[in-house]
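# Coordinate analysis (summary)
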Amino acid sequence: MKTLLCCLLLLPNLALASTAIEKKLAEGDLIFIHSQTEQAAAIAESTGSQWTHVGVIVKKSDEWHVAEAVGPLQVNSLKSFIARSKDRKYRVMRFKYFSQKMVPQLYVQLYKYNQPYDIFFEWSDDRIYCSELTYKVFKAVTGHPIGKLQRTGDLKLDGPYTKRLIEERLTAIGKELNLDEPILTPVAQTVDPNMTLIVESL
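Presented here is an overview of the structure given in this document. (Residues numbered from 1 in each chain as written. Predicted model: local features only at pLDDT ≥ 70, side-chain atom pairs only at ≥ 80, totals over all residues. Heavy atoms only, no water.)

### Side note on the packing of helix α4 (residues 103-112) against helix α5 (residues 130-142)
- α5 packs onto α4 with a crossing angle of 135° between their chain directions and a minimal axis gap of 9 Å. Taken together, the axes of α4 and α5 lie oblique to each other. Viewed along their axes, α4 and α5 form a crossing whose handedness is right-handed. Judged by residue contacts, Gln 105, Leu 106, Gln 109 and Leu 110 of α4 engage Leu 133, Val 137, Phe 138, Ala 140 and Val 141 from α5.
- Considered class by class, the residues forming the contact of α4 with α5 number seven nonpolar, two polar and no charged. (Axes fitted to C-alpha atoms, helices over the stretch in contact; angles between N-to-C directions. Helix = DSSP H or I, 4+ residues; strand = E, 2+ residues; numbered from the N terminus. Parallel < 35°, antiparallel > 145°, perpendicular 65-115°, else oblique. Left-handed = near helix turned anticlockwise from the far one by under 90°. Contact = heavy atoms within 4.5 Å. Nonpolar A, V, L, I, M, F, W, Y, C, P; charged D, E, K, R; others polar.)

Pasting the structure below:
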């Protein structure tokens, strides 16, 4: 009975905390999470970062949502997006060169890349992955990219999760990994000097 009473007393505080966080958000903010898929385990291993997925915060029916490249483009509620993260961890950041007057163009560019998900992480417009979407969209809207491009060969590729992903997606179908393929990781966007931290989970 005491446990139930404590939980009920905490509910208003949790609601207030959620409201306080949402008041800090703006359309066009990027939100990073630690996904819990096998692919995310390989991304974390190869990049050395817990941030394995990224989406764009948008408004839908006056509620906060996240536009994300999951093949095709999807717009999901902010709560459901965060719920997919390990321990519900998240980080919200804002790009220096983006302003609210650019929101209409942001939507245009997001849906321009309404493509199948790119399981090979190739730098083309035929298919798209999460951080590739945010890179290309914000470059088109602001004239400035978010994050520094790397070569696939610059990543740590000898870990067990990464090796298994390469085997299952490439080797198994006779496709070779191109070490010179340009790649943009979520963590590369979090360390961009033109990004400002807005709010993150504790």
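Right, picking up where we left off after that structure.
### Some details on the packing of helix α2 (residues 38-47) against helix α6 (residues 160-169)
- Close contact between α2 and α6 brings their axes to 7 Å; oriented N to C, the two are set at 125°. The angle between α2 and α6 places the two elements in the oblique class. Two packed elements cross with a definite hand, and for α2 against α6 that hand is left-handed. Every residue of α6 that contacts α2 at Glu 38, Gln 39, Ala 41, Ala 42, Glu 45 and Ser 46 is listed here: Pro 160, Tyr 161, Thr 162, Arg 164, Leu 165, Glu 168 and Arg 169.

### Description of the sheet that holds strand β8 (residues 195-200)
- The sheet built from six strands is open, its strands ordered β4-β3-β2-β1-β5-β8 with antiparallel pairing. The outermost strands of the open sheet, each flanked by one partner alone, are β4 (73-77) and β8. Neighbour-to-neighbour, the strand axes of this sheet turn through a mean angle of 35°, independent of strand direction.
- With four bridges connecting them, strand β1 (residues 30-33) and strand β2 (residues 53-60) associate as antiparallel partners. Across the sheet, Phe 32 pairs through a bridge with Val 54, a residue of β2.
- Lying on the sheet, α4 is in contact with β2, β3 (63-69) and β4; it crosses β2 at an angle near 130°.
- Relative to the sheet, α5 contacts β1, β2, β3, β4 and β5 (90-95), its axis offset from that of β2 by approximately 55°. (Pairing = 2+ DSSP bridges.)

### Concerning the nonpolar core
- Formed by 25 residues in total, the largest nonpolar core has its most connected members in Leu 30, Phe 98, Leu 110, Leu 133, Val 137 and Phe 138.
- Mapped by element, the contributors of at least two residues to this core are β1, β2, β3, β5, α4 and α5.
- Ranked by residues supplied to this core, first place goes to α5 with five residues.
- Setting aside anything within four residues of it in sequence, one finds Leu 110 in contact with Val 56, Val 58, Ala 67, Leu 73, Leu 133 and Val 137.
- Ranked by size, the runner-up nonpolar core spans twelve residues in total, among them Ile 31, Leu 78, Tyr 90 and Val 92. (Core = buried A, V, L, I, M, F, W, Y, C linked by side-chain atoms within 4.5 Å. Buried < 20%, exposed > 50% of the residue type's maximum accessible area, 1.4 Å probe, protein only.)

### Side note on the pairing of β4
- Two strands pair when backbone bridges link them, and β3 and β4 are joined in this way by five bridges, in the antiparallel orientation. Residue pairing for β4: His 65 is matched across the bridge by Ser 77.
- A loop of three residues connects β3 with β4, the two strands running antiparallel in sequence, and Gly 71 in this loop sits at a positive phi of about 75°.

### A few points about the packing of aromatic side chains
- Applying the stated rule across the entire model yields six aromatic pairs.
- Aromatic pair Phe 95 and Tyr 97: ring centres 5.5 Å apart, planes at 70°, arrangement edge-to-face.
- Overall, Phe 95 belongs to the buried group, its relative accessible area being 2%.
- The exposure class assigned to Tyr 97 is partly exposed, which follows from its relative accessible area of 29%. (Phe/Tyr/Trp six-rings, centres within 6.5 Å; stacked < 30°, edge-to-face > 60°.)

### A word on the side chain of Asp 29
- With respect to the helices and strands, the residue Asp 29 is situated in the loop between α1 (2-22) and β1.
- Looking at Asp 29, its side chain comes within polar contact range of the side chain of Arg 94, at 2.7 Å.
- Setting aside residues up to four positions removed in sequence, Asp 29 forms contacts with Lys 24, Gly 55, Val 56, Ile 57, Val 92, Met 93, Arg 94 and Ile 198. (Polar contact = N/O pair within 3.5 Å; in protein donor to acceptor, adjacent residues only side chain to side chain.)

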